[in-house]
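These are the residues of each chain, in order.
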Amino acid sequence: MSELAIAAQELDAKDELAAKRAEFVLDDGSGEPGVYLDGNSLGALPAAVPDAVADVVRRQWGELRIRSWSESGWWTAPERIGDRIAPLIGAGPGQVVVGDSTSVNVFKALVAARRMAGAGRDEIVVDATTFPTDGYIAESAARMTGCTVRPVIPSEVTGALSSRTAAVLLNHVDYRSGRLHDLPALTSAIHAAGALAVWDLCHSAGALPVGLDEHGVDLAVGCTYKYLNGGPGSPAYLYIRRDLQGEFDSPLPGWNSHAEPFGMNPSYRPASDVVRGRVGTPDILSMLALEAALGVWEGVPIEAVRAKSLALTDFFLTCVEEYVPAGRVECVTPRAHAERGSQIALRCDDADDVMKRLIARGIVGDFRYPDVLRFGFTPLYLGFADVERAARELRLALK
Ligand SMILES: Cc1ncc(COP(=O)(O)O)c(C=O)c1O
Ligand SMILES: Nc1c(O)cccc1C(=O)C[C@H](N)C(=O)O
């Protein structure tokens with residue numbers, strides 16, 4: 001056994017989160033489970049979900065039918081599940097609502113931010129390196145509200161702010177490089193310029209502390225199918241800071257956001273709280289699968305997850321340096337912990353082919369155009385021996 005394989009065993013033996021792995025389904029049906037390093041795209045299945053979903057379908061829907069909107073808590077699920085996610089992103093209760101996709105929530109947040117910022121401010125600053133959907137939606141939101149979009153790389157955002165800036169949309173962790181941006185400093189610079197800060201937490205929620213309340217973030221959005229393991233297409237969430245809720249003017253004021261939805265009133269009167277962030281009927285099956293998936297967080301401090309995430313990514317880098325010939329790949333994820341999310345991105349010209357070979361060897365990461373091998377590390381179900389094995393297989397896939 002190599003020194004690194006022994007080191008991995010020792011690290012696994014000391015891992016306080018190791019028992020969490022048993023709460024996930026990691027068998028891939030091949031007889032010899034591989035290593036899943038794609039939880040930053042689609043999280044693995046928590047073992048409690050299938051039975052919970054079966055109950056929702058068979059009993060809540062099949063037997064209780066319409067009564068489930070009240071008796072099974074369907075109607076209030078968006079706020080209830082929002083409150084389950086809230087501690088993971090540093091939000092107090094009553095500020096997170098679950099529903100719709102991240103793309104739709106980006107739209108709600110940006111239009112509402114522009115409306116709150118006032119007509120004098122006619123520019124929306126957007127992370128130029130963003131996951132594309134945010135840029136597309138920002139462009140449309142700007143056009144609809146008489147604004148222009150200014151794409152800026154995150155390191156230059158502070159210098160780009162002005163009295164024209166209405167809102168700034170940033171990613172907490174970059175989807176491609178895995179770079180963690182400085183949410184406290186950027187939020188405070190945005191506020192100093194009189195603008196609103198809107199954060200996309202897709203690649204940080206469930207992987208590291210976010211501190212929304214602590215840092216005074218105005219609005220935030222994120223998906224639940226990555227580190228929160230909610231399942232394919234599970235609903236996203238929207239955070240509206242408590243003191244902004246009365247001003248939040250949704251561009252999608254559906255009946256679920258009405259103060260009295262069953263009043264069926266032809267005129268619109270928004271709910272006074274975070275319910276304003278809702279639109280139409282919630283997608284109950286996905287939403288309750290997510291609720292069951294969140295059970296794995298019971299007793300897990302996000303700080304412990306962050307500590308293990310950094311240890312896993314550090315160990316992966318050590319293994320890659322040891323096993324992969326120098327110069328064959330270039331790490332594009334920052335080394336500094338303060339600038340690293342929970343993924344490692346390695347660049348090489350033939351990344352697409354390399355990832356195909358790696359997946360054939362049972363190590364599942366993903367390829368991001370044009371030349372990035374992307375590996376996501378989910379501390380709740382990954383161990384150090386997985387990491388060592390992945391790096392060993394990577395060496396073979398790179399040959
Ligand atoms: C940063 C970021 N924003 C948004 C999305 C997509 O959102 P949606 O769930 O609307 O497809 C993703 C990934 O799909 C993402 O990585
Ligand atoms: N949402 C996805 C999907 O519906 C299909 C395939 C991948 C995804 C993803 O989440 C991609 C992911 N946001 C990324 O960072 O690349």
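As a convention, each chain's residues are numbered from 1 in the sequence order in which they are written. Both sets of labels track the order of writing: A upward for chains, 1 upward for ligands. It should be noted that, the model being predicted, local features are given only for residues of pLDDT at least 70 and side-chain atom pairs only at 80 or more, the latter also being counted only at that level, while totals for whole chains, interfaces and linings use all residues.

## A few points about the site of ligand 1
Nearness here has a simple definition: the residue's C-beta atom, placed using the backbone, must lie within 6 Å of the molecule or strand. In the region of ligand 1, 13 residues are neighbours, and S101, T102, S103, F131 and C202 sit closest. Gly counts as polar in this scheme, as do all residues outside two lists: the nonpolar Ala, Val, Leu, Ile, Met, Phe, Trp, Tyr, Cys and Pro, and the charged Asp, Glu, Lys and Arg. Looking at side-chain class alone, the shell around ligand 1 contains 5 nonpolar, 6 polar and 2 charged residues.

## Here's the deal with the pairing of strand β8 (residues 196-200)
Three classes are used. A residue is buried when 20 or more other C-beta atoms lie within 10 Å of its own, exposed when 12 or fewer do, and partly exposed in between, with C-beta atoms placed from the backbone. Helix and strand assignments follow DSSP, with helices taken as H or I runs no shorter than four residues and strands as E runs no shorter than two, numbered in order from the N terminus. Most of β8 sits inside the fold, with 5 of its 5 residues counted as buried. Both faces of β8 are covered, namely the face carrying L196, V198 and D200 and the face carrying A197 and W199. We treat two strands as partners when DSSP finds at least two bridges between them. Where strand β7 (residues 165-171) lies against β8, 5 bridges are found, and the strand directions are parallel. Bridge pairing in β8 links V168 to A197. When the strands point away from the viewer, a crossover counts as right-handed if the route from the first strand across the helix to the second turns clockwise. Assessed by its sense of winding, the connection that carries the chain from β7 through helix α8 (residues 183-192) to β8 is right-handed.

## Topic: the packing of helix α1 (residues 3-14) against helix α12 (residues 384-397)
When two helices pack together, their arrangement is given by the angle between the helix axes and by the axis-to-axis distance. Taken N-terminus to C-terminus, the directions of α1 and α12 make an angle of 155 degrees; their axes are 7 Å apart at the nearest point. On the basis of their axis angle, the class for α1 and α12 is roughly antiparallel. Along the contact surface, α1 presents L4, A5, A8, Q9, L11 and D12, while α12 presents F384, A385, V387 and E388. Of the residues that constitute the contact of α1 with α12, the class distribution is 7 nonpolar, 1 polar and 2 charged. Fitting a line to C-alpha atoms yields each axis, with helices limited to the stretch in contact; the angle taken between N-to-C directions then spans 0 to 180 degrees. Oblique is the label for every angle not falling under 35 degrees (roughly parallel), over 145 degrees (roughly antiparallel), or within 65 to 115 degrees (roughly perpendicular). Note on contacts: each residue gets a C-beta atom placed from the backbone, and two residues are in contact if those atoms are within 7 Å.

## Re the environment of L196
With respect to the helices, strands and loops of the structure, L196 is situated in strand β8. Residues L196 and D218, 22 residues apart in the sequence, show an inter-C-alpha distance of 6.1 Å. Among all residues touching L196, those that are not within four sequence positions of it are A113, M116, A117, A167, D218 and L219.

## Side note on the pairing of strand β10 (residues 237-240)
Residues of β10 alternate between two faces, with Y237 and Y239 on one and L238 and I240 on the opposite face, all of them buried. Pairing analysis gives 3 bridges linking strand β4 (residues 96-98) to β10, with the strands arranged antiparallel. Within the sheet, the bridge partner assigned to V96 lies in β10 and is Y239.

## Observations concerning the domain arrangement of the protein chain
For the protein chain, the assigned domains are domain 1 (3-33 + 300-397) and domain 2 (53-297). Either an automatic procedure or a domain database provided the assignment from which the domain bounds are taken. The distance between the C-alpha centroids of domain 1 and domain 2 comes to 29 Å. Residue assignment for the side of domain 1 that touches domain 2 shows that the elements contributing at least two residues are α10 (302-323) and β12 (343-347). Element by element, the count of residues in the side of domain 1 that touches domain 2 is highest for α10, at 5 residues. When its residues are assigned to classes, the side of domain 1 that touches domain 2 shows 9 nonpolar, 6 polar and 7 charged.

## Brief notes about the sheet that holds strand β11 (residues 330-331)
Judged by pairing direction, the sheet is antiparallel, and its 4 strands sit side by side in the order β11-β12-β15-β14 without closing on themselves. Looking at the sheet topology across the chains shown, the edges are occupied by β11 and β14 (366-368). Strand direction decides the pairing type here: β11 and β12, joined by 2 bridges, are antiparallel. Bridging from a neighbouring strand, E330 pairs with R347 of β12.

## Description of helix α11 (residues 351-360)
Structural remark: α-helix, 3.6 residues per turn; residues separated by three or four positions point the same way. For α11, the full list of buried residues reads A351, V354, M355 and L358. Each buried residue of α11 lies within a common arc of 95 degrees when the element is viewed along its axis, so the set occupies one face. Exposed residues pointing more than 90 degrees away from the buried face of α11 are listed as K356 and A360. The inward-facing, buried residues of α11 abut β12, β13 (363-364), β14, β15 (372-376) and α12. Where α11 ends, the next residue or the one after it, G362, has phi of about 95 degrees, a positive value. Taken from the helix axis, the directions to the C-beta atoms give the arc we talk about.

## Brief notes about the packing of α11 against α12
For the pair α11 and α12, the least separation of the axes is 9 Å and the interaxial angle reads 125 degrees. By the angle between their axes, α11 is oblique relative to α12. Between α11 and α12 the crossing geometry is right-handed. From α11, V354, R357 and L358 reach across to α12, where they touch E393, L394 and A397. Two helices that cross are described as forming a left-handed crossing if the nearer one is turned anticlockwise from the farther one by less than a right angle, and a right-handed crossing if clockwise.

## Some details on the sheet that holds strand β9 (residues 219-222)
Taken in spatial order, the 7 strands make up an open sheet running β4-β10-β9-β8-β7-β5-β6, and their pairing is mixed. Where the open sheet ends on each side, the last strands, each with one partner, are β4 and β6 (148-152). Taken over all neighbouring pairs, the strand axes of this sheet differ in orientation by 20 degrees on average, direction set aside. Taken together, the 5 bridges between strand β5 (residues 123-127) and β6 define a ladder with parallel strand orientation. Looking across to β6, one finds that V126 is bridged to P151. Its contacts with the sheet place helix α5 (residues 102-117) against β5, β7, β8, β9 and β10, and it is angled at close to 155 degrees to β7.

## Overview of the UniProt feature "modified residue: N6-(pyridoxal phosphate)lysine" (unreviewed entry) in the protein chain
Per the UniProt annotation, the sites labelled "modified residue: N6-(pyridoxal phosphate)lysine" (unreviewed entry) are K226. Here K226 lies in the loop between β9 and β10. Since 26 C-beta atoms lie within 10 Å of it, K226 is described here as buried. UniProt positions are given in the numbering used here, feature names are shortened, and annotations may be inferred rather than shown by experiment.

## Section: the nonpolar core
Residues L110, I124, A167 and V198 are the most contacted members of the largest nonpolar core, which totals 108 residues. Top element by residues in this core is α5. It accounts for 8 residues. Among the domains, domain 1 (3-33 + 300-397) and domain 2 (53-297) are the pair contributing at least three residues each to this core. With near-sequence residues (within four places) excluded, A167 lies in contact with L110, A113, R114, A117, I124, A195, L196 and V198. Nonpolar cores are identified as sets of buried Ala, Val, Leu, Ile, Met, Phe, Trp, Tyr and Cys residues joined via C-beta atoms within 7 Å.

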